[in-house]
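Each chain is listed here by its residues.
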Amino acid sequence: MKTREEAVRVARREHGFFALISNEVKDPIVALSTYRSKDVVEKAFGNLKERLNCRRLLTSSDESLNGKLFVEFVALIYLAYINRKMQEKGLYKDYTMEKMLLELESIQSICEPGRAPIVCNVLEKQRKIYEAMEVMPPQ
């Protein structure tokens, strides 16, 4: 027992610790998962502000502002879903969310009016990601 106490003391001194307190969530694993999901969404929102140029919400009309906010909201819903699926399927062992999205980003689709879309080759690695996420890969 003494060894564990010493290991805890060393870990606290070198790495620190944090506590989650909740009036609603009693299960510590659920509390930690909820906290981490919230963190993912907050970081994704910051990333969206950069990528979609939403740091400043200067728009020419209320409709433009509403459209911009709606796109951000939908994107955050997708990111929360992707995060949950990556946790459920254990994809974080092999990828960060950014690396996984970059892996899928290389799939190209060519669309012309009046014609069926043409999808370039989907690699086996990419196909496995789609299967793990329970999403149909592009045809």
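Residues numbered from 1 in each chain as written. Predicted model: local features only at pLDDT ≥ 70, side-chain atom pairs only at ≥ 80, totals over all residues. Heavy atoms only, no water.

## Description of unusual backbone geometry
With a phi angle near 60 degrees, Glu 134 is a residue other than glycine that sits in the positive phi range. Note on placement: Glu 134 falls in the segment after helix H5 (124-132). (Helix = DSSP H or I, 4+ residues; strand = E, 2+ residues; numbered from the N terminus.)

## Observations regarding helix H3 (residues 62-89)
Here H3 spans 41 Å end to end across 28 residues, near enough to the 40 Å set by a 1.5 Å rise per residue. Glu 72, Leu 76, Leu 79, Ile 82, Asn 83, Lys 85 and Met 86 are the residues of H3 that are buried. The positive-phi residue at the C-terminal boundary of H3 is Gly 90, with phi of around 70 degrees. (Expected span 1.5 Å × (residues − 1). Buried < 20%, exposed > 50% of the residue type's maximum accessible area, 1.4 Å probe, protein only.)

## Quick word on the packing of helix H4 (residues 97-105) against H5
Where H4 contacts H5, the two axes come as close as 10 Å, and the packing angle between them is 120 degrees. Accordingly, the angle class assigned to the pair H4 and H5 is oblique. Crossing handedness for the pair H4 and H5: left-handed. Here Met 100, Glu 103 and Leu 104 of H4 come into contact with H5, specifically with Lys 125, Gln 126, Ile 129 and Tyr 130. (Axes fitted to C-alpha atoms, helices over the stretch in contact; angles between N-to-C directions. Parallel < 35°, antiparallel > 145°, perpendicular 65-115°, else oblique. Left-handed = near helix turned anticlockwise from the far one by under 90°. Contact = heavy atoms within 4.5 Å.)

## Quick look at H5
Within the span of H5, buried status applies to Gln 126, Ile 129, Tyr 130 and Ala 132. All buried residues of H5 project into a common sector of 165 degrees when viewed along the axis, lining one side. Those residues of H5 that are exposed and aimed more than 90 degrees away from the buried face are Lys 128 and Glu 131. The inward-facing, buried residues of H5 abut H3 and H4. Downstream of H5 by one or two residues, Glu 134 has phi in the positive range, about 60 degrees. (Arc of directions from axis to C-beta.)

## Let's talk about the confidence of the model for the chain
Residues at a pLDDT of 70 or more form 88% of the chain, whose mean pLDDT is 81. Here helix H2 (residues 28-51) is the element of the chain with the lowest mean pLDDT, 75, and H5 is the one with the highest, 90. (pLDDT = per-residue confidence, 0-100.)

## With respect to the pattern of salt bridges
Following the criterion strictly, the structure yields eight salt bridges and no others. Across the salt bridge formed by Glu 88 and Lys 85, the nearest N and O atoms sit 3.6 Å from each other. With Glu 88 and Lys 85 both in helix H3 and three residues apart, the pair spans about one turn of that helix. Lys 85 gets classed as buried once you look at its relative accessible area, which sits at 7%. Through salt bridges with shared partners, one network takes in Arg 84, Lys 85, Glu 88, Lys 89 and Glu 134. (Salt bridge = Lys/Arg side-chain N within 4 Å of Asp/Glu carboxyl O.)

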